[in-house]
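Spelled out, the chains give:
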Amino acid sequence: MKHIMLSFLSTIRLTKENNIDFKACPELVVDGLGEMVHCTNESCLRYILNALKKISDQKLDYYVCFVSEEVRNKIICQARSSLNCVHLDYFKNRVQEILNVYYPSEVIAAENFVKTINYTVQSNQDASVNDVLQVINSIKEIQKVCGGEDLVVHLDLTGGPRNANMLLLMISRMLEYDKSIRIEKVLYANYLQQCEYIQIETISDAYLLLDFVAGMSEFVNFGSMKALNQYFEIVGLGNQSESLQRLLEAMQKFADMIMLCRYGEFVKAIEILKEKMDGFVEYYQKCERKQSVDTLLYKIIPTVYSKYQLLFSEEETTGSKIIKDLAIIKWCYENNHIQQTMTLITERIPKVLFNEDDPYLEIAAEEAVAVESRYKIYTEQAQKDNEVV
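Each value, and the rule that gives it
- Residues numbered from 1 in each chain as written.
- Predicted model: local features only at pLDDT ≥ 70, side-chain atom pairs only at ≥ 80, totals over all residues.
- Heavy atoms only, no water.
- Buried < 20%, exposed > 50% of the residue type's maximum accessible area, 1.4 Å probe, protein only.
- Helix = DSSP H or I, 4+ residues; strand = E, 2+ residues; numbered from the N terminus.
- Arc of directions from axis to C-beta.
- Phe/Tyr/Trp six-rings, centres within 6.5 Å; stacked < 30°, edge-to-face > 60°.
- Lys NZ or Arg CZ within 6 Å of the ring centre and 35° of its normal.
- Core = buried A, V, L, I, M, F, W, Y, C linked by side-chain atoms within 4.5 Å.
- Contact = heavy atoms within 4.5 Å.

J.: Which residues make up helix α8 (residues 226-235), and what values do they have?
T.: Taken together, the buried positions of α8 are occupied by A227, L228, Y231 and F232. Mapping the buried residues of α8 onto a view down its axis gives an arc of 130 degrees, with all of them on the same face. In α8, the exposed positions that point more than 90 degrees away from the buried face belong to K226, E233 and I234. G236, located one to two residues past α8, shows a positive phi value of around 85 degrees.

What follows is the structure, given as structure tokens:
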């Protein structure tokens, strides 16, 4: 397993007297280099090096960073011989000093350790996509050189222009599609003006909330729990409220029944899902100490109610069961669950078609014809795709 850090290099800051604007970072005093850092990005770099040092067989293998034209080509200060170099070279020299302290028994050259990606300030989409692809290709190349080992990527969201964080987050999300690459630490070096020192903040939990939101979106649109399960595998369920746990169980049961499409169990799963959603809303409104995940879910639940309105509708008429069946079929149809739609039509529509006195006969027939037509188009397209392959 190899560890990589991904960042956006900032320029080296100077004081009014053209000296390096050193900043204190008390958390780093334990590593033998003192608490003063030379530049913004040094804080998170040393933090990760120190964290990995505590794990006996782990170390930081590469530092991949965006560098702007100013960082690449601008001299820091020609009037001082020690600063008569470009920002990037100064950073690499400082990195070499850090590596020599952390890995004294190894010869690790900063020139090989630091991998740079040129960044040009442009506002168009093509430029942003090109930047993202450059980093992904660089990391993939590192993985290839390392014999295809799994990679752990750490993010430093401190430096760079205003869109730097968005770029780094976009890259990290794309990297996670590769199961051999995992995002672990997400850091931000926060300079506290009043205290005049840097505090390193671990914002990995906030980053993981992106997975939670993506998982809820997947459930709302497709009735799938895959992404949400992956999120809770990482954060754990032990600290979550009992009401949330019961709701997640109901959501999982509903997702399973969509796949299996057993009518009786599917209907029961819908009823339980609504019951647990109502229960969670009631719990949240009464709860005094609200957890962040509960709050996020509470904000998203109205969207779930709206999206699942057909399934949750209750009709207190003689034909309520028929209406319910048609609603379930229509929901499956509108959410592109074609196979489930056809299965339910085969099982439930005949009960309506052979009941001539039922006022919903015409509606059911129209529903069946519409879905059958779409299913025919779907299968024909699938056959064409297979022929192309």
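Additional details are given in the paragraphs that follow.
J.: How would you explain the packing of aromatic side chains if you had to name every residue and give the values?
T.: Enumeration over the complete set of coordinates arrives at 19 aromatic pairs. Note on F219 and Y308: the rings are 5.6 Å apart at their centroids and 35 degrees apart in plane angle, and the pair reads as tilted. On the criterion of sequence distance, the pair formed by F219 in helix α7 (residues 204-222) and Y308 in the loop between α11 (292-307) and α12 (309-312) is long-range, its members being 89 residues apart. The residue whose ring lies beneath K59 is Y103, and the NZ or CZ to ring-centre distance is 5.8 Å. Its end group placed over the ring of Y207, R173 keeps NZ or CZ at 5.5 Å from the ring centre.

J.: Give a detailed account of the nonpolar core, specifying residues and quantitative values.
T.: In terms of nonpolar packing, the biggest core is built from 45 residues, with F212, M251, F254, F266, L273 and Y308 touching the most fellow members. Of all the secondary structure elements, the ones that give two or more residues to this core are α7, α8, α9 (242-260), α10 (263-286), α11, α12, α13 (320-334) and α14 (338-353). Those residues in contact with F254, other than ones at most four positions away along the chain, are F219, G223, F266, A269, I270, L273, Y308, L311 and W331. Among the nonpolar cores identified, the runner-up in size contains 40 residues, and I12, C25, Y103 and A110 belong to it.

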